[in-house]
Amino acid sequence: MDADEKRHDQLTTAPQADESDAAPRIDVTEKSDGVTRIDVRDDAKYRPGEVDATDD
């Protein structure tokens, strides 16, 4: 298995997991000057941010 297949396998193994759990969440761009930019995708299922407190 390559790294992408292992990632997919890990993220879809849980009992209630589905294919969307393994969808890409970030975009990585490497520029010629050595700068690496990491952006959270707009269509990512899970995004960093505040926790929704309504699940109490």
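Just so it is clear, the structure is predicted and the values come from calculations on it, not from any experiment.

Novice: Summarise the overall build of the chain; cite the residues concerned and give the values.
Specialist: Check the secondary structure of the chain and you find 1 helix and 2 strands. Ordered by position in the sequence, the α and β elements of the chain form the string α-β-β. Burial analysis of the chain (56 residues in total) assigns 5% to the buried set. Sequence separation of 24 or more characterises 9% of the internal contacts of the chain that already satisfy a separation of 6 or more.

Novice: Outline a nonpolar patch on the surface, listing residues and values.
Specialist: Residues Ile26, Val28, Ile38 and Val40 make up a contiguous nonpolar surface patch of roughly 330 Å² in combined accessible area. Every element with two or more residues in the nonpolar patch is listed here: strand S1 (26-30) and strand S2 (36-40).

The rules behind each value
- Residues numbered from 1 in each chain as written.
- Predicted model: local features only at pLDDT ≥ 70, side-chain atom pairs only at ≥ 80, totals over all residues.
- Heavy atoms only, no water.
- Helix = DSSP H or I, 4+ residues; strand = E, 2+ residues; numbered from the N terminus.
- Buried < 20%, exposed > 50% of the residue type's maximum accessible area, 1.4 Å probe, protein only.
- Contact = heavy atoms within 4.5 Å.
- Patch = residues over 30% accessible without salt bridge, like charges linked within 9 Å, V, L, I, M, F, W, Y side chains within 5 Å.
- Areas by Shrake-Rupley, 256 points an atom, 1.4 Å probe, with all protein chains shown as cover.
- Salt bridge = Lys/Arg side-chain N within 4 Å of Asp/Glu carboxyl O.

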